[in-house]
Amino acid sequence: MSTPAPTRGQAFWWGFTKRCARCGSGHLFTGYLKIVPECPRCGLHFEREQGYWAGALAINIMATGGLFTLVFVVLLIATIPKVPVAPLLLVLVPIAALGPIVYYPFSKTVWVAVDRAFLQRLDPNEPTDRHR
Ligand SMILES: [Zn+2]
């Protein structure tokens, strides 16, 4: 049995919503931060090789760093020339400190989507790897 491969847009949407990039299944996390080894529906094994999650780390840094920079620049432009440093820090420090933690599970599913959309072939007939 094989299901049609998702389009790149579909795979990304599933990644951004913490779902499996191959089948769209949710329930991929035990607790907030720990991803299950395989998709409970299609059996996709997420950590393909040692160091695989370095891509998720890079995505997390880009996303939270991008948000930090965007908020910083908008607040700077809105308040220049009298930049209120303390209130600015009250907004920016939590983004820098908590952003990577909040975004952590999303960075993993987005990375799986990037990996599947651009680094692997989207082969609808690929075998599931649950029973390897
Ligand atoms: Zn799946």
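Residues numbered from 1 in each chain as written. Predicted model: local features only at pLDDT ≥ 70, side-chain atom pairs only at ≥ 80, totals over all residues. Heavy atoms only, no water.

Q: Lay out the coordination of the zinc ion with the relevant residues and their values.
A: Here the zinc ion is held by Cys20 (SG), Cys23 (SG), Cys39 (SG) and Cys42 (SG), and the distances to it run 2.2 to 2.3 Å. In this structure, the zinc ion is coordinated by 4 donor atoms arranged in tetrahedral fashion, with angles at the metal of 103 to 114°. Spacing between the donor residues of the zinc ion along their common chain follows C-x2-C-x15-C-x2-C. Taken together, the residues Cys20 in the loop between helix 1 (8-16) and strand 1 (29-30) and Cys42 in the loop between strand 2 (34-35) and helix 2 (54-79) connect sequence positions 22 residues apart. A single burial state applies to Cys20 and to Cys42, both of which are buried. (Donors = N, O, S within 2.8 Å, 3.2 Å for Na, K, Ca; no water. Tetrahedral: all angles 85-135°; square planar, octahedral: opposite > 155°, others 65-115°. Helix = DSSP H or I, 4+ residues; strand = E, 2+ residues; numbered from the N terminus. Buried < 20%, exposed > 50% of the residue type's maximum accessible area, 1.4 Å probe, protein only.)

Q: So what's going on with helix 2? Which residues, and what values?
A: The terminal C-alpha atoms of helix 2, which comprises 26 residues, lie 37 Å apart, in line with the 38 Å expected from a rise of 1.5 Å per residue. Every buried residue of helix 2 is listed here: Gly55, Ala56, Ile59, Asn60, Thr64 and Val71. Each element contacted by the buried residues of helix 2 is listed here: helix 3 (85-119). (Expected span 1.5 Å × (residues − 1). Contact = heavy atoms within 4.5 Å.)

So far we have only geometry, and geometry alone does not tell us how the molecule works.
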